[in-house]
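# Topology and contacts: notes
Listed below, chain by chain, are the residues.
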Amino acid sequence: MGGIGVVLNPRSRQNRRDPAAASRLARTLGDRGVVRTARTREDLARIAEDFRKLKIDVLGISGGDGTNHITLTGFLEVYSDEPLPPIAFLRGGTMNTVANAVGVPRGKPDGLLAALIARYNERGKGSLQVVERSTMRINDHYGFIFGTGAIHGYMAEYYRHPEPNPVHAASTLYEASKNVLLGLKTPVAERWEGSVELSGGVRLPMRDYLCIAAGTVDQIGLGFRPFYRSGHVPGRFHILGIHTTALGFVKKLPDIWQARPMGEEHTYDHLAEHAILEARSGVVRYVLDGDLHEQHGPLEMRVGPRVQIVVAHKAGIRPPGGSTFAFPPPWIQPGNS
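Residues numbered from 1 in each chain as written. Predicted model: local features only at pLDDT ≥ 70, side-chain atom pairs only at ≥ 80, totals over all residues. Heavy atoms only, no water.

For the protein, the count of helices and strands is 10 helices and 16 strands. The C-alpha radius of gyration computed for the protein amounts to 20 Å, which stays within 12% of the reference 20 Å derived for 337 residues, consistent with globular compactness. Its C-alpha atoms give the protein principal-axis dimensions of roughly 60 × 45 × 35 Å. Taking all 337 residues of the protein together, 52% fall into the buried category. Long-range pairs, those at least 24 residues apart, make up 74% of the contacts in the protein between residues at least 6 apart in sequence. (Helix = DSSP H or I, 4+ residues; strand = E, 2+ residues; numbered from the N terminus. Rg over C-alpha atoms; globule rule 2.2 N^0.38 Å. Buried < 20%, exposed > 50% of the residue type's maximum accessible area, 1.4 Å probe, protein only. Contact = heavy atoms within 4.5 Å.)

Here's what the structure looks like:
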């Protein structure tokens, strides 16, 4: 059959507010493919098997970062050693960090799908611009952005809001940074104590860290780019053992925004293909593409399969610096929270 297969998560926050999203996407797609909704992981496995048998040319995903990584996990399990088709992130969620990082244009899912169809109609999937990125495999999940400690604390605080959205994400960061600068306690400054064993015999020492963070895309959210080496070496993820204080980290936010190194006095910095995290407490609480997880015992990370992601214009690897905004960006200025 070929064509475009679209998976929609009706349980994402944005799609819950827009119950007509699936029918609108189906009308936009017409006879050029099929739209399927996945309410459970069992649904997702059946859809992945159907799409594999149909030999779809493009996999569209309507959801945010969490939906994207759950969908990719399900499809990679079903496709096994067979490469996935190019993936089109249609931004159907409130958090779209991976799409932002690789250059997916902004827009609503049906508009992005219409633009995808127009490009696809030119010469089939061969006319699509794509970028390649490796996934990370965290236990049995696949994603692009990982973090413990303060990253977990930040996301847990963010999700306490009844309607999380980008404005609230910026407000959460601003309030936490303000509290740190004033010497006040904040749950966002959660730390992680443990050790990390990396491929090649490298071992980050057992100590207190602000966080362990890793990515195969440069951004972590709100335009911050700590993983400035991601994509430089295929088959590696950029991992940071950030051991500075919360105050030291806040002072380094301009460098992170500009994709500059934090410096050895603040962080360990490596490209790795494999890592094992062991928490002194025995429990690793972590975030993968915006979703909160908990692992009892050692946590294993490794490079996963490379995937192709459809973009409007093929983007090269961005060098350090070159941001279009001075720091702080307008949405994190006092008064904009």
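Let's shift gears to the packing of helix 3 (residues 41-54) against helix 4 (residues 65-79). Where helix 3 meets helix 4, the closest approach of the two axes is 9 Å, and the angle between their N-to-C directions is 55 degrees. The angle between the axes of helix 3 and helix 4 places the two elements in the oblique class. The two elements helix 3 and helix 4 cross, and the hand of that crossing is right-handed. Packed against helix 3, whose contacting residues are Arg41, Leu44, Ala45, Ile47, Ala48, Glu49, Phe51 and Arg52, the element helix 4 presents Ile70, Thr71, Gly74, Phe75, Val78 and Tyr79 at the interface. Residues of the contact of helix 3 with helix 4, tallied by class, amount to nine nonpolar, two polar and three charged. (Axes fitted to C-alpha atoms, helices over the stretch in contact; angles between N-to-C directions. Parallel < 35°, antiparallel > 145°, perpendicular 65-115°, else oblique. Left-handed = near helix turned anticlockwise from the far one by under 90°. Nonpolar A, V, L, I, M, F, W, Y, C, P; charged D, E, K, R; others polar.)

Taken across its five residues, strand 3 (residues 58-62) has five buried, putting it largely inside the fold. Taken together, the five bridges between strand 1 (residues 4-8) and strand 3 define a ladder with parallel strand orientation. Across the sheet, Leu8 pairs through a bridge with Ser62, a residue of strand 3. Considered for its hand, the β-α-β crossover made up of strand 3, helix 4 and strand 4 (residues 87-89) is right-handed. (Pairing = 2+ DSSP bridges. Right-handed = clockwise from strand over helix to strand, strands pointing away.)

Turning next to the environment of Glu157. Assignment of secondary structure puts Glu157 in helix 7 (residues 150-158). Judged by its relative accessible area of 26%, Glu157 falls in the partly exposed class. For the pair Glu157 and Ala176, spaced 19 residues apart in sequence, the C-alpha separation works out to 9.8 Å. Apart from residues lying up to four places away in sequence, Glu157 is in contact with His168, Thr172, Pro187 and Val188.

What follows covers helix 7. In terms of burial, helix 7 is largely enclosed, as eight of its nine residues are buried. On the buried face of helix 7, the contacting elements are strand 7 (145-148), helix 8 (166-181), strand 10 (211-215), strand 14 (283-288) and strand 15 (291-296).

Let's shift gears to the environment of Gly147. Inspection of the secondary structure puts Gly147 in strand 7. Separated by 64 residues in the primary sequence, Gly147 and Cys211 place their C-alpha atoms 6.7 Å from one another. Excluding anything up to four places from it in sequence, Gly147 contacts Ile212, Ala213, Arg285, Tyr286 and Val287.

Before going further, it helps to examine the nonpolar core. One finds Phe75, Phe89 and Phe144 to be the most contacted residues of the largest nonpolar core, which totals 54 residues. With five residues, the single largest contributor to this core is helix 7. Excluding its chain neighbours within four sequence positions, the residues that come into contact with Phe89 are Ile61, Asn68, Leu72, Val98, Ala99, Val104, Leu112, Phe144 and Ile309. (Core = buried A, V, L, I, M, F, W, Y, C linked by side-chain atoms within 4.5 Å.)

What follows concerns helix 8. The end-to-end C-alpha distance of helix 8, which contains 16 residues, comes to 23 Å, matching closely the 22 Å that a straight helix rising 1.5 Å per residue would cover. Burial in helix 8 covers these residues: His168, Ala169, Ala170, Ser171, Thr172, Leu173, Tyr174, Ala176, Ser177, Asn179 and Val180. With its phi angle positive at about 75 degrees, Gly183 sits one or two positions after the end of helix 8. (Expected span 1.5 Å × (residues − 1).)

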